[in-house]
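Spelled out, the chains give:
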Number of protein chains: 2
Amino acid sequence: VRTRLAPDARREQLLEQGVRLLATRSLEELTIDLLTAEAGVSRGLVYHYFGSKQGFHRAVVQRAADDLIAATAPPEVPDEVERLQASMRAYVDYVAAHAEGYRSILRSAAGGAEDLREIYQSARTALSERIFTSGGDLVPDTPAARLAVRGWASLAEELTLAWVEDPEAMTREELLRVLVESLPALLELTS
Amino acid sequence: VRTRLAPDARREQLLEQGVRLLATRSLEELTIDLLTAEAGVSRGLVYHYFGSKQGFHRAVVQRAADDLIAATAPPEVPDEVERLQASMRAYVDYVAAHAEGYRSILRSAAGGAEDLREIYQSARTALSERIFTSGGDLVPDTPAARLAVRGWASLAEELTLAWVEDPEAMTREELLRVLVESLPALLELTS
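Cut-offs and rules
Residues numbered from 1 in each chain as written. Chains lettered and ligands numbered in written order. Predicted model: local features only at pLDDT ≥ 70, side-chain atom pairs only at ≥ 80, totals over all residues. Heavy atoms only, no water. Least-squares fit on C-alpha atoms with pLDDT ≥ 70 in both. Contact = heavy atoms within 4.5 Å. Buried area = accessible area lost by both parts, 1.4 Å probe. Salt bridge = Lys/Arg side-chain N within 4 Å of Asp/Glu carboxyl O. Polar contact = N/O pair within 3.5 Å; in protein donor to acceptor, adjacent residues only side chain to side chain. Helix = DSSP H or I, 4+ residues; strand = E, 2+ residues; numbered from the N terminus. Nonpolar A, V, L, I, M, F, W, Y, C, P; charged D, E, K, R; others polar. pLDDT = per-residue confidence, 0-100.

**Q** So, the relation of the copies chain A and chain B: which residues are in play, and what are the values?
**A** Its rotation angle being 180°, the transformation that places chain A on chain B also includes 0.0 Å of axial translation and leaves an RMSD of 0.0 Å. Viewed as a symmetry operation, the transformation between the two copies matches a two-fold axis. Considering only C-alpha atoms, the residue of chain A closest to the rotation axis is A:Gly111, which sits at 1.7 Å.

Below, the structure is given as structure tokens:
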């Protein structure tokens, strides 16, 4: 169903549609044809807003990264572990809801696509920096702790994606416990 | 210096030279021109053995994977933790000695190169399977433990590469301690 929207709202709508399609499609499958069919707009309009398929992919991946960062914003509670728990809960839910696209974005970012790699790295840095600037003393800001957090972020990513593939292996609560408690366990080992 | 070698020995020599070049070069930098210059052979000979640059890359990555699996073979000692320690020590040394190439292989395998991804996945599976078939009881073979080991393998990879970039952040012994002790710590969290 076509509706008339102001240009900015239309661009927003296309981006949201793109992110939604990443729930069950890889980035490679997210073609302009698919988008125009799903959003009921012309190819010309998509090119008008995004310039090219690459431009559209870049904008969708940036939007997905922004959504992930917003969704995992820790609540304003004093307890650090509680903040981490809430963040990781939102992280697991986000990845589970966009598993196909998330995996393909990681793959593209890890592979040759330099612009996607930059968006991914910025998002990952933003997510990790939170851990150091949270103001508590769960994570000391030392070079060793920074290495540990990098390793933990990879663990969290891989474990969450592995769980999405095999959700019977542990419950969501068990996964969350491993994600949350592995961070202090690792930091303990580095200190 | 050119020397006369039997065909198989010559092919071996080219593969070894390729792996050696990955110490300081990425896979993309490992061109046929570089190989011929370093090995003192003709381009024709390289194409004769490997068919194409892709064929050469595939053979070199397979050789590097085989080398890594051989280098990290656990010693025949009864203590499981000691076996894991010896394996991880060899892993860290191998990655540190081939950092540039290792990183680029991960990147290519994670990205679009399907054949390299298969070699990488097989190697990673071989390395992980050891942990389950070692016959001890450090790691129970349960679905949850398998997820944990997948996550731990990503942690080990990322942490080791991060340490190679920033070796001042912790000593090699500290890194090894984190690598080895994080596995039982993670398994403890999943049980």
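**Q** Can you lay out the interface of chain A and chain B for me, pointing to particular residues and giving the numbers?
**A** The figure often quoted for interface size is the accessible area lost as the parts come together. Each partner contributes to the interface: chain A provides 31 residues, whereas chain B provides 31 residues. Overall, the association of chain A and chain B removes approximately 2700 Å² of surface from exposure, summing both partners, and the carbon and sulfur fraction of that is 67%. Inspection of the region where chain A meets chain B yields 4 salt bridges. Between B:Glu165 and A:Arg150 there is a salt bridge; the shortest N-O distance is 3.2 Å. Inspection of the chain A/chain B interface yields 7 residue pairs in polar contact (both at pLDDT 80 or more). Sorting the residues of the side of chain A that touches chain B by element identifies α6 (99-110), α7 (114-133), α8 (143-165) and α9 (172-190) of chain A as the ones contributing at least two each. A total of 14 residues in the side of chain A that touches chain B trace back to one element, the largest contributor, which is α8(A). Considering only residue class, the side of chain A that touches chain B consists of 15 nonpolar, 6 polar and 10 charged.

**Q** Kindly report on the confidence of the model for chain A, identifying the contributing residues and their values.
**A** Taken residue by residue, chain A gives an average pLDDT of 89. The fraction at 70 or more is 95%. Both confidence scores are given for the complex: pTM 0.89, ipTM 0.88.

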